[in-house]
Amino acid sequence: MESKIEIVSTVKVQNSPDLYKIVDALNRTLKRDDLMFGLALDQDDREKAIFTIYRT
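Below: a short report on this structure. Keep in mind that this is a model prediction, so the values were computed, not measured.

1. A closer look at the overall build of the chain
Helix and strand counts for the chain come out as 1 helix and 3 strands. Listed by position from the N terminus, the elements making up the chain come as β-α-β-β. Across its three principal directions, the C-alpha atoms of the chain cover 40 × 20 × 15 Å. The buried share of the chain, reckoned over its 56 residues, is 16%.

2. So, the sheet that holds strand β2 (residues 35-41)
One open sheet accounts for 3 strands, arranged β1-β3-β2; its pairing is antiparallel. Here the strands that pair on one side only, and so sit at the sheet edges, are β1 (6-14) and β2. Across the sheet, the mean angle separating the axes of adjacent strands is 20° when strand polarity is ignored. Here β2 pairs with strand β3 (residues 48-55) via 7 bridges, running antiparallel.

Definitions and cut-offs
- Residues numbered from 1 in each chain as written.
- Predicted model: local features only at pLDDT ≥ 70, side-chain atom pairs only at ≥ 80, totals over all residues.
- Heavy atoms only, no water.
- Helix = DSSP H or I, 4+ residues; strand = E, 2+ residues; numbered from the N terminus.
- Buried < 20%, exposed > 50% of the residue type's maximum accessible area, 1.4 Å probe, protein only.
- Pairing = 2+ DSSP bridges.
- Axes fitted to C-alpha atoms, helices over the stretch in contact; angles between N-to-C directions.

And the structure:
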């Protein structure tokens, strides 16, 4: 069985120490709706974070 992950949206935001809490809460509450959320530091600007929404 092949699992396909589709990027729904990506946005660059100001990095904050609490951003991971939002991503964690979204992942816990919306996984049943086949949504997954990711957060990564921007490699070019460490003060920015990249927030991505995926459909699984």
